[in-house]
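# Structure at a glance
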Amino acid sequence: MEAFNLLIDGQMKPGAMTMKITNPATGKILAECPRADERQLNDAIAAAKRAFPAWAKTSHAAKRTMIHAISDALAARLEEFAQLLTSEQGKPLHETKKELNGAVAILKILSNLELEDKVLKDTKTEKVIRHRTPLGVVATITPWNVPMSLLAVKMTSALITGNTVVAKPAPTTPLSSLRFAEICNAHLPAGVFNMITDANDLGDMLTSHPDIAKISFTGSTATGKKIVRSAASSLKRLTLELGGNDAAIVLDDADLKTVAPKLFAGAMANAGQICLAIKRVYVHESQYDELCGELAKLADATIVDDGLKQGTQMGPLQNKMQYDKVRALIEETRHEGNIVAGGTFPEGPGYFIRPTIVRDIDDRARLVREEQFGPVLPVLSYTNIDDVIERVNDTEYGLGATVWSADSDRALSVARQIDSGTVWINTHMMLHPDIPAGGAKESGMGVEMGMEGLAEHTQDHILYIVK
Ligand code: NAD
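Read on for a plain summary of the structure.

Conventions used here
Residues numbered from 1 in each chain as written. Predicted model: local features only at pLDDT ≥ 70, side-chain atom pairs only at ≥ 80, totals over all residues. Heavy atoms only, no water. Helix = DSSP H or I, 4+ residues; strand = E, 2+ residues; numbered from the N terminus. Rg over C-alpha atoms; globule rule 2.2 N^0.38 Å. Contact = heavy atoms within 4.5 Å. Lys, Arg positive; Asp, Glu negative; His and termini not counted. Charge placed at Lys NZ, Arg CZ, Asp CG, Glu CD. Axes fitted to C-alpha atoms, helices over the stretch in contact; angles between N-to-C directions. Parallel < 35°, antiparallel > 145°, perpendicular 65-115°, else oblique. Left-handed = near helix turned anticlockwise from the far one by under 90°. Nonpolar A, V, L, I, M, F, W, Y, C, P; charged D, E, K, R; others polar. Buried < 20%, exposed > 50% of the residue type's maximum accessible area, 1.4 Å probe, protein only. Pairing = 2+ DSSP bridges. Core = buried A, V, L, I, M, F, W, Y, C linked by side-chain atoms within 4.5 Å. Near = heavy atom within 4 Å. Polar contact = N/O pair within 3.5 Å; in protein donor to acceptor, adjacent residues only side chain to side chain. Areas by Shrake-Rupley, 256 points an atom, 1.4 Å probe, with all protein chains shown as cover. 1 Å grid on protein atoms, 1.4 Å probe; cavity = no way out; pocket = protein on both sides within 12 Å on 5 of 7 lines; lining within 4 Å. Points joined across faces, edges and corners; volume = space filled by probe spheres on them. Expected span 1.5 Å × (residues − 1). Disulfide = S-S within 2.5 Å.

Before going further, it helps to examine the overall build of the protein chain. When you go through the protein chain residue by residue, the secondary structure sums to 15 helices and 22 strands. The C-alpha radius of gyration of the protein chain comes to 23 Å, within 12% of the 23 Å expected for a compact globule of 467 residues. The contacts of the protein chain with a sequence gap of at least 6 include a subset with a gap of at least 24, amounting to 72%. Here the protein chain carries 50 positive and 58 negative side-chain charges, and the mean point of each set is 6 Å from the other.

Take a look at the structure:
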């Protein structure tokens, strides 16, 4: 494999140190990766700061042309990127291709959006215009579950609004991001987009640096809270996309034969390692046994293997820490519910866990209350709709939710009562780059995508004119 480098001030550079990246399906070392030190982090921030004034003045059309060229270049190398992303992240090739095609579309659709001046008041005597100005250097920090599409959202939002960027991918999945940085470097002026990597040790320095104007972060709620503290030093602007514990509510008129495969896919895609994955299911007691049976059948039939192999439907967990966490949660769950499918860990060096369905579990169990971020799904029953809405909302999280019913008006009235950033009815994880998405409560702050997501990368600049 060709060497990987950091991107600092328009140059691909080796790291001050190196670190080894593991393939989670084989447990073998996949590549040696650069690791930045504090000096390289500071160099990247200084380069982005120098590049900012000229980039801020660059026209929207010129910026869009460059970002479209990056999108086209990524699309042309999709196959190569899919192999690399599956090798470092673990999910099957069909899922990495979906993520990469998503990134290609995000780069284009989001950079087509333009925040134009808006006249807020226009009378005989005065005119007031809302103009928006970029903030400066944006730090983008991404997690290991969907590294490429999240990077595409963050960098496009920052760049198209006139900011420059220092990007930091997660330490266990930096390779596809670093390869992508090479593409970006071929199409952007020096310093506009920089990328450094770390071993989970530079985050605090990056987020407390005085020359960072905004932090665009996706990751766990615990890290999000640390970032709020470091950002306080200079009142940096924040967009935080954090953890979730998304519920699915199945109303008593739902057709389970149709709904069960959708619930299963929504819970188990990327081996359950998605912020917006379905993490608990509530079904009316009259359909409880039937749904548990359907989900168990789907789990038993799933082909779990190396994501690079043809036919694999679920890959490994992405890293050892997450594997150990989910495995411990399953062991604990054996005493708290009935495991009707899975609960086993295929032999071998990879971090594999069979998709697991758990029934007869209490609302207070850790599997129900916490974000499992793995292929283990608790199924709970309810009798009364008001009661289930209260149980669903009884959490510090509020990222997404789904409602399933033959009657979409009935489902909508339930959806309106769920405290979360997004609720889908009879579908799941439908996301459009021109529609905002964000979390309620401890699932986040602000939104990404859409005009609203772009606006978070700017400062309102109100211009009063007396005629
Ligand atoms: P994480 O919080 O451990 O790490 C995310 C990123 O933050 C990594 O790049 C990491 O190196 C960096 N980081 C670690 N400590 C830091 C610090 N003190 N300051 C700044 N950066 C620091 O999260 P993870 O385990 O990589 O990802 C899983 C989590 O991400 C889950 O909770 C999941 O729900 C969440 N997530 C949320 C969304 C969303 O859109 N809401 C999307 C994907 C993942």
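Quick look at the packing of helix 2 (residues 60-76) against helix 5 (residues 147-160) now. Where helix 2 meets helix 5, the axes come as close as 10 Å, and the angle between the chain directions of the two elements is 165°. Looking at the two axes, helix 2 sits roughly antiparallel to helix 5. Relative to helix 5, the crossing made by helix 2 is right-handed. Contacts between helix 2 and helix 5 involve His60, Lys63, Arg64, Ile67, Ile70 and Leu74 from the first element and Met148, Met155, Thr156, Leu159 and Ile160 from the second. Tallied by class, residues from the contact of helix 2 with helix 5 come to seven nonpolar, two polar and two charged.

For strand 8 (residues 164-168), the tally of buried residues reaches five of five residues, placing the bulk of the element in the interior. The side-chain alternation of strand 8 yields two buried faces, one formed by Thr164, Val166 and Lys168 and the other by Val165 and Ala167. In this sheet, strand 8 lies alongside strand 7 (residues 137-141) in parallel orientation, the contact comprising five bridges. Each bridged residue has a counterpart across the sheet, and for Val138 the counterpart in strand 8 is Val165.

One broad trend across soluble globular proteins is that nonpolar side chains are buried collectively. Counting 58 residues, the largest nonpolar core has Val250, Leu263, Val281, Leu291, Leu295, Ile357 and Val379 as its most contacted members. Among the elements that take part in this core, helix 9 (residues 256-268) stands out by supplying seven residues, more than any other. The contact partners of Ile357, leaving out residues within four places of it in the chain, are Phe264, Met268, Leu295, Ala296, Ala299, Asn338, Ile339, Val340, Ala341, Leu377 and Val379. Membership of the second largest hydrophobic core comes to 49 residues, among which are Met66, Leu107, Leu188 and Met449.

Turning our eyes to something else, we now look at the site of the ligand. Around the ligand lies a shell of 28 residues, among which Asn200, Ser220, Thr223, Leu242 and Glu371 are the nearest. Separating an oxygen atom of the ligand from a side-chain N or O atom of Thr223 is a distance of 2.7 Å. In the complex, the protein chains occlude 89% of the 850 Å² of accessible area that the ligand would expose alone. Counting only elements with at least two residues in the shell around the ligand, the list comes to helix 7 (203-208), strand 10 (214-218) and helix 8 (221-231). When grouped by side-chain class, the residues that make up the shell around the ligand number 13 nonpolar, 10 polar and five charged.

Moving on, we come to the layout of surface pockets. The calculated volume of the second largest pocket comes to roughly 300 Å³. As for the second largest pocket, its lining consists of 20 residues, of which Lys63, Leu115, Arg132, Ile160 and Thr161 are closest to the centre. Counting only elements with at least two residues in the lining of the second largest pocket, the list comes to helix 1 (38-57), helix 2 and strand 6 (126-134). With four residues, the single largest contributor to the lining of the second largest pocket is strand 6. A class-by-class count of the residues in the lining of the second largest pocket yields six nonpolar, eight polar and six charged.

Another point: helix 5. A rise of 1.5 Å per residue sets the reference length of helix 5, with its 14 residues, at 20 Å; its end C-alpha atoms lie 20 Å apart and thus fit the reference within 8%. With 14 of its 14 residues buried, helix 5 lies for the most part within the structure. Two residues or fewer after helix 5 comes Gly162, characterised by a positive phi angle close to 95°.

All right, on to the state of the cysteines then. In total, this model carries zero disulfides according to the counting rule given. As a non-bridged cysteine, Cys33 has Cys184 as the owner of its nearest cysteine sulfur, 16 Å distant.

If you walk across this open sheet you meet the three strands as 5-6-22, and the pairing is antiparallel. Each end of this open sheet is capped by a strand with a single partner; those strands are strand 5 (118-122) and strand 22 (458-466). Averaged over all adjacent pairs, the angle separating strand axes in this sheet is 25°, with direction ignored. Relative to strand 6, strand 5 runs antiparallel, the two being bridged by four bridges. For Lys121, the partnering residue across the bridge sits in strand 6 and is Val128.

Okay, empty space enclosed by the protein next. Applying the stated criterion across every chain yields a total of one cavity of 30 Å³ or more. Its boundaries defined by the atoms lining it, the largest cavity holds a volume of some 70 Å³. In this structure, the largest cavity is lined by 16 residues; those nearest its centre are Arg280, Tyr397, Gly398, Gly400 and Asp419. Elements supplying a minimum of two residues to the lining of the largest cavity: strand 12 (246-250), helix 13 (385-393) and strand 17 (400-404). Here the residues of the lining of the largest cavity are counted per class, giving six nonpolar, six polar and four charged.

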